[in-house]
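Read off the chains here:
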Amino acid sequence: MKGPLNSLIDLFFPKTCPGCGRVISSDNFLCKDCSKELIFIRPPLCPICGIPLEFGESHICGKCLIKPPFFKAARSCALYQGPLSKSISLFKYEGVTALARPLSLIMIRALSPFIEKANVDLILPVPLHIKRLRQRGFNQAMLLARQLGKGLGIPVNGFILKKVKETPPQVGLSQKKRLKNVKGSFKVFSKKEIEDKNILLVDDVFTTGTTVNECSKVLVEAGARGVFVITLARTYEGKR
Ligand SMILES: [Zn+2]
Ligand SMILES: [Zn+2]
């Protein structure tokens, strides 16, 4: 039941669906129609990088066989499309930071079996370079990580992993260029805090995995026991 104050807030600041802009009264963050359009990622998928596979049983994909990533495993909540991509763009580029909570909740709902199995000691967000952080005013991965930490009861630290080199956005770059772009751009501060720990690395979108892999590399080299990656969304070119 909603209290009288909440009803009053709803009256003056009606909640709108980030997927379609319609006013909604339910406690869900998306309207019913947009909720149906979310495509949660389910098996079959690659047990390492988490890429959805079109058919058959889950198996390690060619890319992970040829060059295993530095993280132990990565999973994403849903495909980066439709109402989820609209929500992420509002959250990230329009500064609707109130979306961090509902977005983290759908991550917890979809990914908690994976997180439990990973036996995580510490949550780290993928960092932004200080210049980008100043422009945007917040790090979307940090906001998600904070909410996840609250929901899961796991400590979060936004100061251990830092982005020390400013790099142009990865959008539109080939995998080779992405790799060159991020190489050497992350650094671990206070190694003691991650030594022999299982880390849950959090980001908003998984595209080619280059960024999270580079972060995982420096974390493992600094002594982390294992790095597990979760993202809210994942880009996917194939049929689903
Ligand atoms: Zn909607
Ligand atoms: Zn894979």
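Data block above holds the structure.
Residues numbered from 1 in each chain as written. Chains lettered and ligands numbered in written order. Predicted model: local features only at pLDDT ≥ 70, side-chain atom pairs only at ≥ 80, totals over all residues.

### Brief notes about unusual backbone geometry
Defined as follows: By definition, any uninterrupted DSSP run of H or I lasting at least four residues is a helix, any uninterrupted run of E lasting at least two residues is a strand, and each is numbered from the N terminus. The exposure label follows from counting other C-beta atoms within 10 Å of a residue's C-beta, where the C-beta atoms are placed from the backbone and the thresholds are 20 or more for buried and 12 or fewer for exposed, leaving partly exposed in between.
Here the amide bond leading from Pro43 into Pro44 is cis, since omega sits at 5°, within 30 degrees of zero. Counting through the fold element by element, Pro44 comes out in the loop between helix 2 (32-37) and helix 3 (62-66). Its identity as a non-glycine residue notwithstanding, Ser190 has a phi of 50°, on the positive side. Classification of Ser190 by C-beta neighbours within 10 Å gives exposed; the count is 12. The backbone of Asp196 shows a phi angle near 60°, a positive value even though the residue is not glycine. The residue Asp196 is located in the loop between strand 4 (186-188) and strand 5 (198-206) in this model.

### Section: the sheet that holds strand 1 (residues 73-79)
Whenever strands of a sheet pair, they do so through backbone hydrogen bonds, lying parallel or antiparallel. As a reminder of what qualifies: By the convention used here, strands pair only if DSSP detects at least 2 bridges between them. Here the axes come from fitting lines to C-alpha atoms, over the contacting stretch only for helices, and the angles between their N-to-C directions go from 0 to 180 degrees.
As summarised here, the arrangement of the four strands in space is 1-6-5-2, forming an open sheet in which the pairing is parallel. Strands at the two margins of the open sheet, each flanked by one partner only, are strand 1 and strand 2 (122-125). Shown here is a sheet whose adjacent strand axes are inclined to one another by a mean of 20°, direction ignored. As judged from the eight bridges shared by strand 5 and strand 6 (residues 226-234), these two strands associate in the parallel manner. Bridge pairing in strand 6 places Asn198 opposite Gly226.

### Focus: helix 5 (residues 100-118)
It helps to recall that an α-helix has 3.6 residues per turn; residues three or four apart then point in one direction. Quick reminder of the rule: To estimate how far a helix should extend, the number of its residues minus one is multiplied by 1.5 Å. What we call the bend at a residue is the angle made by axes fitted to the seven residues finishing there and the seven residues starting there. We call two residues in contact whenever the C-beta atoms placed from their backbones are within 7 Å.
Compared with the 27 Å implied by 1.5 Å per residue over 19 residues, the 23 Å span of helix 5 between its first and last C-alpha is markedly short. Along helix 5, the sharpest change in direction is near 70° and occurs at Leu111; proline Pro113 comes one to four residues later. Residues of helix 5 that are buried sit in contact with strand 1, helix 4 (82-93), helix 7 (140-152), strand 5 and strand 6. Residue Asn119 follows helix 5 closely and has a positive phi angle near 50°.

### Quick look at the environment of Pro169
Tracing the backbone through its elements, the reader meets Pro169 in the loop between strand 3 (161-163) and helix 8 (175-182). Using a count of 8 C-beta atoms within 10 Å as the deciding quantity, one classes Pro169 as exposed. With 43 residues separating them in the primary sequence, Pro169 and Val212 have C-alpha atoms 14 Å apart.

### Side note on the nonpolar core
Here is the rule: Buried Ala, Val, Leu, Ile, Met, Phe, Trp, Tyr and Cys residues whose C-beta atoms connect them within 7 Å together make up a nonpolar core.
Ranked by size, the top nonpolar core spans 47 residues in total, and within it Leu144, Leu200, Leu201 and Val202 carry the most contacts. Once you skip the residues sitting within four places of it in the chain, Leu201 turns out to touch Phe71, Leu124, Val126, Val212, Cys215, Ser216, Val227, Phe228 and Val229. With six residues, the next largest nonpolar core counts Cys17, Ile24, Phe29 and Cys31 among its residues.

### A short note on the pairing of strand 5
For clarity, the cut-off: Crossover handedness is defined by viewing with both strands directed away from the observer: a clockwise path from the first strand over the helix to the second marks the crossover as right-handed.
For strand 5, the buried fraction is high: seven of the nine residues fall into the buried class. Pairing between strand 2 and strand 5: four bridges, direction parallel. Paired with Pro125 across the two strands is Val202, which belongs to strand 5. Taken together, strand 5, helix 9 (residues 210-221) and strand 6 constitute a β-α-β crossover, and its handedness is right-handed.

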